[in-house]
Amino acid sequence: MSTAEDMNVIRYSVGGYYGHHYDSFHMIPGGPVTGPQRIATWISYLSDVDAGGATVFPYVNVAVWPQRGSALFWYNEYRWGAIDPLTMHGGCPVLVGAKWIATKWIRPIGQEFHHPCPLHNTTIAYSYEFRKNYLK
Ligand SMILES: O=C(O)CCC(=O)C(=O)O
Ligand SMILES: [Fe+2]
């Protein structure tokens, strides 16, 4: 996929984690609000983990346990470019063993025909409301 960022390989050893965050930048204090964002994320799990290391999405109560050879994909934004606030996620600390992942952050350029913009934008207001209320 030529318009995605380069593959990012991460190795977590015992205690290693990835704090909760958004892959799109809208929600980062001081970050750019417009511009090409990471509209979607693909994580390939390159290893099993003996204990810990789940990828978690606390707002939707989802935990994904690494399994070598499996992958996880999600959209970080609505089609019209507002971040989906429910996509906040993190990598829990590895308790035993090591965790290897390869992440591909996908940008919008080149995706116009695969992931076109719709005709409505009703949740933009919701997204701003969320930012105001939860991200102080
Ligand atoms: O390590 C994980 O499970 C999450 C990694 C992650 O959030 C990312 O690569 O953007
Ligand atoms: Fe992430």
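Residues numbered from 1 in each chain as written. Chains lettered and ligands numbered in written order. Predicted model: local features only at pLDDT ≥ 70, side-chain atom pairs only at ≥ 80, totals over all residues. Heavy atoms only, no water.

A.B. asks: An account of the overall build of the protein is needed here, citing residue identities and associated values.
C.D. replies: Secondary structure summary: the protein contains 1 helix and 10 strands in total. When the helices and strands of the protein are placed in sequence order, the string is β-β-β-β-β-β-β-β-β-β-α. By the burial criterion, 43% of the 136 residues in the protein qualify as buried. Of the contacts made within the protein by residues no fewer than 6 positions apart, 80% connect residues no fewer than 24 positions apart. Roughly 7900 Å² of accessible area belongs to the protein as shown, and the carbon and sulfur atoms make up 60% of that amount. (Helix = DSSP H or I, 4+ residues; strand = E, 2+ residues; numbered from the N terminus. Buried < 20%, exposed > 50% of the residue type's maximum accessible area, 1.4 Å probe, protein only. Contact = heavy atoms within 4.5 Å. Areas by Shrake-Rupley, 256 points an atom, 1.4 Å probe, with all protein chains shown as cover.)

A.B. asks: Report on the site of ligand 1, specifying residues and quantitative values.
C.D. replies: Every residue close to ligand 1 is listed here: Tyr 12, Tyr 18, His 21, Asp 23, Ile 43, Thr 55, His 89, Gly 91, Lys 99, Ile 101, Thr 103 and Trp 105. Within the side chain of Thr 55, an N or O atom sits 2.4 Å from an oxygen atom of ligand 1. When isolated, ligand 1 has an accessible area of 290 Å², and the protein chains bury 100% of it. The biggest single contributor to the shell around ligand 1 is strand E10 (residues 99-106), with 4 residues. Split into classes, the residues belonging to the shell around ligand 1 amount to 5 nonpolar, 5 polar and 2 charged. (Near = heavy atom within 4 Å. Polar contact = N/O pair within 3.5 Å; in protein donor to acceptor, adjacent residues only side chain to side chain. Nonpolar A, V, L, I, M, F, W, Y, C, P; charged D, E, K, R; others polar.)

A.B. asks: Give a description of the coordination of the iron ion (ligand 2) that names residues and reports values.
C.D. replies: Taken together, the protein donors to the iron ion (ligand 2) comprise His 21 (NE2), Asp 23 (OD) and His 89 (NE2), at separations of 2.1 to 2.2 Å. In primary sequence terms, the donor set of the iron ion (ligand 2) follows H-x1-D-x65-H. One end of the pair, His 21, is in strand E2 (residues 18-21); the other, His 89, is in strand E8 (residues 89-91), and 68 residues separate them in sequence. When sorted by exposure, His 21 lands in the same class as His 89, which is buried. (Donors = N, O, S within 2.8 Å, 3.2 Å for Na, K, Ca; no water.)

A.B. asks: Please give an account of the nonpolar core that cites residues and values.
C.D. replies: In this structure, Ile 10, Tyr 12, Ile 43, Tyr 45, Val 49, Phe 57, Val 64, Leu 72, Trp 74, Val 94 and Ile 101 together form the largest nonpolar core, which totals 11 residues. When residues of this core are traced back to their parent elements, those giving at least two are strand E1 (8-12), strand E3 (40-45) and strand E7 (71-75). Residue contacts for Val 94: discarding those within four places in its chain leaves Tyr 12, Ser 13, Val 14, Gly 15, Gly 16, Val 49, Ala 51, Gly 52, Gly 53 and Lys 99. (Core = buried A, V, L, I, M, F, W, Y, C linked by side-chain atoms within 4.5 Å.)

A.B. asks: Break down the side chain of Thr 87 for me, with residues and values.
C.D. replies: Along the chain, Thr 87 falls in the loop between E7 and E8. If near-sequence neighbours (up to four positions away) are discounted, Thr 87 is found in contact with His 21, Tyr 22, Phe 57, Trp 74, Tyr 75 and Asn 76.

From the geometry alone we can't say anything about function, so treat these as descriptive.
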